[in-house]
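Residues per chain, in single letters:
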Amino acid sequence: MNQRTKRIIQQTVLYALIACVVILSVFPFYYAILSSFREGTALFSSSILPEIGTLGNYVSVFTEGPFGTNILNSVLVATAVVCLSLFIAVTASYALARISFRGRGLLLMTILSVSMFPQVAILSGMFELIRALGVYNSLLGLIIPNTVLTLPFTVWVLTTFMRELPKELEEAALVDGASSWVIVRRVFLPLMWPALVTTGLLAFIAAWNEFLFALTFTLSNEVRTVPVAIALMSGASEFELPWGNIMAASVIVTVPIVVLVLVFQRKIVAGLTAGAVKG
Amino acid sequence: MTLALSANGAGNKRMQKSDLTSARIRSAWLFLSPMLIVLAVVAGWPLLRTIWLGFTDANLTDLSQTTFIGLENYYVTFDGEAYGVLVDPDWWNAVWNTLWFTVVSVSLETIFGLFIALVLNAEFKGRGFVRAAVLIPWAIPTVVSAQMWGWMLHDQFGVLNEILLTIGLISQPIAWTADPDTAMWAVIMVDVWKTTPFMALLILAGLQMLPGDIYEAARVDGVHPVRVFFKVTLPLIKPALMVAIVFRALDALRIFDLIYVLTSNSSDTMSMSVYARQQLVDFQEVGYGSAAATLLFLIVAVMTTLTLMAGNVKLSEDPR
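Residues numbered from 1 in each chain as written. Chains lettered and ligands numbered in written order. Predicted model: local features only at pLDDT ≥ 70, side-chain atom pairs only at ≥ 80, totals over all residues. Heavy atoms only, no water.

*Asks:* Got a sec to walk through the overall build of chain A? Specific residues and values, please.
*Replies:* For chain A, the helix and strand inventory stands at 12 helices and zero strands. In chain A, the succession of helices and strands from N to C terminus is α-α-α-α-α-α-α-α-α-α-α-α. Computed over the C-alpha atoms, the radius of gyration of chain A is 24 Å, more than 25% above the 19 Å expected from 2.2 N^0.38 for a compact globule of 279 residues. Projecting the C-alpha coordinates of chain A onto the three principal axes gives extents of approximately 75 × 75 × 30 Å. Looking at chain A as a whole, 54% of its 279 residues are labelled buried. Within chain A, contacts between residues at least 6 apart in sequence are counted, and of these 70% link residues at least 24 apart. As displayed, chain A offers around 12200 Å² of accessible surface, 69% of which is attributable to carbon and sulfur atoms. Charged side chains of chain A number 16 positive and 13 negative; the gap between the two group centres comes to 16 Å. (Helix = DSSP H or I, 4+ residues; strand = E, 2+ residues; numbered from the N terminus. Rg over C-alpha atoms; globule rule 2.2 N^0.38 Å. Buried < 20%, exposed > 50% of the residue type's maximum accessible area, 1.4 Å probe, protein only. Contact = heavy atoms within 4.5 Å. Areas by Shrake-Rupley, 256 points an atom, 1.4 Å probe, with all protein chains shown as cover. Lys, Arg positive; Asp, Glu negative; His and termini not counted. Charge placed at Lys NZ, Arg CZ, Asp CG, Glu CD.)

*Asks:* Which residues make up helix 2 (residues 56–63) of chain A, and what values go with them?
*Replies:* Among the residues of helix 2 of chain A, Asn57, Tyr58, Ser60 and Val61 of chain A are the ones counted as buried. Elements in contact with the buried residues of helix 2 of chain A: helix 1 (3–36), helix 3 (67–98) and helix 11 (243–263) of chain A.

*Asks:* Could you give me a rundown of a nonpolar patch on the surface, with the residues and numbers involved?
*Replies:* Together, Ile48 and Leu49 of chain A together with Ile163, Ile167 and Leu169 of chain B make up an exposed nonpolar region whose accessible area comes to about 500 Å². Structurally, Leu49 of chain A is set in the loop between helix 1 and helix 2. Using a relative accessible area of 58% as the deciding quantity, one classes Leu49 of chain A as exposed. (Patch = residues over 30% accessible without salt bridge, like charges linked within 9 Å, V, L, I, M, F, W, Y side chains within 5 Å. Salt bridge = Lys/Arg side-chain N within 4 Å of Asp/Glu carboxyl O.)

*Asks:* Break down the pattern of salt bridges for me, citing the residues and quoting the values.
*Replies:* Residues and elements named next belong to chain B. A full pass over the atoms with the stated rule returns nine salt bridges over all chains. The closest approach of N and O atoms between Glu216 and Arg219, which form a salt bridge, is 3.2 Å. Here Glu216 pairs with Arg219, and both are found in helix 7 (residues 212–220), just three residues apart, close to one helical turn. Judged by its relative accessible area of 41%, Glu216 is partly exposed.

*Asks:* Could you give me a rundown of the packing of aromatic side chains, with the residues and numbers involved?
*Replies:* Going through the model one piece at a time under the given rule, you end up with 25 aromatic pairs over all chains. Taking the centre distance of 6.2 Å and the plane angle of 80° together, the rings of Tyr15 of chain A and Phe124 of chain B count as edge-to-face. With Tyr15 of chain A in helix 1 and Phe124 of chain B in the loop between helix 2 (89–121) and helix 3 (127–139), the pair connects residues from two separate chains. Exposure remark for Phe124 of chain B: the relative accessible area of 11% places this residue in the buried category. Taken together, the ring pairs in this structure connect Tyr94, Trp181 and Phe188 of chain A together with Phe31 of chain B into an aromatic cluster. Across the ring face of Tyr136 of chain A, the terminal group of Arg131 of chain A is positioned such that the distance to the ring centre comes to 5.2 Å. (Phe/Tyr/Trp six-rings, centres within 6.5 Å; stacked < 30°, edge-to-face > 60°. Lys NZ or Arg CZ within 6 Å of the ring centre and 35° of its normal.)

*Asks:* Would you mind going over the environment of Ser113 of chain A in detail, with residue names and values included?
*Replies:* With respect to the element layout, Ser113 of chain A can be found in helix 4 (residues 104–116). Note: C-alpha distance between Ser113 of chain A and Val21 of chain A (92 residues apart in sequence) is 34 Å. Residues in contact with Ser113 of chain A, not counting those within four places in the same chain, are Thr304 and Leu308 of chain B. A polar atom in the side chain of Ser113 of chain A sits 2.6 Å from the backbone oxygen of Met109 of chain A. (Polar contact = N/O pair within 3.5 Å; in protein donor to acceptor, adjacent residues only side chain to side chain.)

*Asks:* Account for the packing of helix 6 (residues 183–208) of chain B against helix 8 (residues 225–253) of chain B, with residues named and values stated.
*Replies:* All names here are of chain B. Relative orientation of the contacting elements helix 6 and helix 8 amounts to 140°, with a least axis distance of 9 Å. Between helix 6 and helix 8, the crossing angle belongs to the class labelled oblique. As helix 6 packs across helix 8, the resulting crossing turns out to be right-handed. Residues Asp191, Thr195, Phe198, Met199, Leu202, Ile203, Gly206 and Leu207 of helix 6 form the contact with helix 8, whose participating residues are Thr233, Ile237, Leu241, Ala244, Ile245 and Arg248. Considering only residue class, the contact of helix 6 with helix 8 consists of nine nonpolar, three polar and two charged. (Axes fitted to C-alpha atoms, helices over the stretch in contact; angles between N-to-C directions. Parallel < 35°, antiparallel > 145°, perpendicular 65-115°, else oblique. Left-handed = near helix turned anticlockwise from the far one by under 90°. Nonpolar A, V, L, I, M, F, W, Y, C, P; charged D, E, K, R; others polar.)

*Asks:* Which residues make up the interface of chain B and chain A, and what values do they have?
*Replies:* Opposite the 91 residues of chain B that make contact, chain A presents 103 residues. One can count two salt bridges joining chain B with chain A. Its salt-bridge partner being Glu170 of chain A, residue Arg24 of chain B comes within 3.7 Å of it at the nearest N-O pair. Inspection of the chain B/chain A interface yields 17 residue pairs in polar contact (both at pLDDT 80 or more). Sorting elements by how many residues they give to the side of chain B that touches chain A places helix 1 (residues 2–53) of chain B first, with 21 residues.

*Asks:* Would you mind going over the nonpolar core in detail, with residue names and values included?
*Replies:* Of all hydrophobic cores here, the largest spans 166 residues; its most connected members are Phe67, Phe211 and Ile230 of chain A together with Met35 and Trp138 of chain B. Of the residues that make up this core, three or more belong to each of domain 1 (3–54) and domain 2 (64–276) of chain A. (Core = buried A, V, L, I, M, F, W, Y, C linked by side-chain atoms within 4.5 Å. Domains from an automatic or database assignment.)

*Asks:* Talk me through the domain arrangement of chain A; I want residue IDs and the actual numbers.
*Replies:* All names here are of chain A. In terms of domain boundaries, chain A breaks down into domain 1 (3–54) and domain 2 (64–276). When each unit is reduced to the centre of its C-alpha atoms, the spacing between domain 1 and domain 2 is 33 Å. Opposite the six residues of domain 1 that make contact, domain 2 presents seven residues. Roughly 520 Å² of surface becomes buried between domain 1 and domain 2 when both sides are summed, with 90% attributable to carbon and sulfur atoms. (Buried area = accessible area lost by both parts, 1.4 Å probe.)

*Asks:* Can you break down unusual backbone geometry residue by residue, with the values?
*Replies:* Residue and element names in this part refer to chain B. Phi angles above zero are rare outside glycine, and Asp79 is one such case at about 55°. Non-glycine residue Ser264 carries a positive phi angle of around 45°. Tracing the backbone shows Ser264 in the loop between helix 9 (257–263) and helix 10 (272–282). Judged by relative accessible area, Ser264 falls into the partly exposed class, the value being 42%.

*Asks:* Any chance you could break down the environment of Phe37 of chain A for me, citing the residues and the numbers?
*Replies:* With respect to the secondary-structure elements, Phe37 of chain A resides in the loop between helix 1 and helix 2. Sequence spacing of Phe37 of chain A and Ser113 of chain A is 76 residues, and the spatial spacing of their C-alpha atoms is 44 Å.

*Asks:* Any chance you could break down the packing of helix 3 of chain B against helix 6 of chain B for me, citing the residues and the numbers?
*Replies:* Residues and elements named next belong to chain B. Here helix 3 crosses helix 6 at 135°, and the two axes come no closer than 6 Å. By the angle class used here, helix 3 and helix 6 are oblique. Handedness of the crossing formed by helix 3 with helix 6: left-handed. When helix 3 is examined against helix 6, the residues Arg131, Val134, Leu135, Pro137 and Trp138 are found in contact with a partner set consisting of Trp193, Lys194, Pro197, Phe198, Leu201, Leu204 and Gln208. Broken down by class, the residue content of the contact of helix 3 with helix 6 amounts to nine nonpolar, one polar and two charged.

And the structure:
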């Protein structure tokens, strides 16, 4: 076998592997899109080729339940949680990354542990708290528990990012007698926009996908977020799930997230690596 | 005299420096206080209350009427019969399910992730496109992917049965999520599909930091690529790989949404989180469910502590 044929075989194997990986990654979502345009008996055809479909499922998903409200709820809750987390995390991460004080290592370890601990471990305590605050079955009652998910993660990633910035940055400001607050606002904040966007996006995705709290702390359909609405969609009878509607709803909520992820691809990968590998 | 002066000067300087340092430390705690308060309210307090409720007979219908019952939720003997979470076969079934799920899914994700990362690290046309395609499973919300797969795995109309029947791999449709033999494998399959991209990207980041000249040297010496992988690549990316595996494993131990949506409360796939929530909400047994949740918390806490102690995690690293 000469060099040339060997090279061709190698290339063919590589591209065949790549094709397999791409097909396996994309197929389930492709099939969900196909199914979402199929109604009635066409839904049960399980053909994997596209055909001219109908928009019926997309209409009925909005008319048969408060799905529009569910989307709005998800957007409101995720946005509020992200803004709150970022706001609190900026100053905290400055202190954790740039000032050395006793107990810093322990504090960072605690924050990391909080982001690792199982959500169900605070479920009953949180339920009690939410009942006591009178925010059960309301959007505020979803924002509060979601902070547990996003805040430690946000602090952790921003701390990793801040630690990478050169020391000379603040030394000049310190010599000029600037206070820590001025340093954060004037020196670090302008440099942190890329990191804030990435962290914010990852926190948004986490809050958008949150299921356990949203399932447990809501009662009525109008307060539910998208994941709970999709999980609990039911049809006319118990044994007949409205698969067409479920697929249409899935496509509606997934397309924006997929687009966001693809647009911010590089930043997201960088943020995830900062959050995990450096840990 | 000169000596005294200079010593005095040095003392002054040190005084000033420690003034500045203590001012910085004060502002550090001030900066940390909002986060500490929020975390204490939304994480610390509920956690303590959950642990406390695990020692009571609390019921969801009226949380204000609770009595302390000690360890009775965990273990109690009554007329020679033992009761409590620790002797509940359903709990141990959930523990076993969760551990089995964690070991199998994380192993598969590591192997496939490593494989995909190596492929993505090679030079080929359209690499950017492939990388984007691989990210799609990760971007899809867990509940959505559970529903998508639930539909693909449907026993009568599922496309997977259709494809396997056409190829001839199976002779009759399989009820993937309902059959006790396949239910856990269905859950593992969906989790591997969804999480492998995350692993692959973390490993890829590790691979891209490796120096190229080692590979050049190995190529010149005519070392077989497989040997290069096991002797050079794997040892070099091991630290990054271990961190990724640990994070994934801790995440897998608390799995809830995928299992709940794909197979609901079926005992074949019930995880520790699903068990605890079922006791808490469906059976309204807040005390008993809190005890189970506390046990899960302890398991994860012990594993996190061991990992943090074992791994050389540099947490208090100074700025460069």
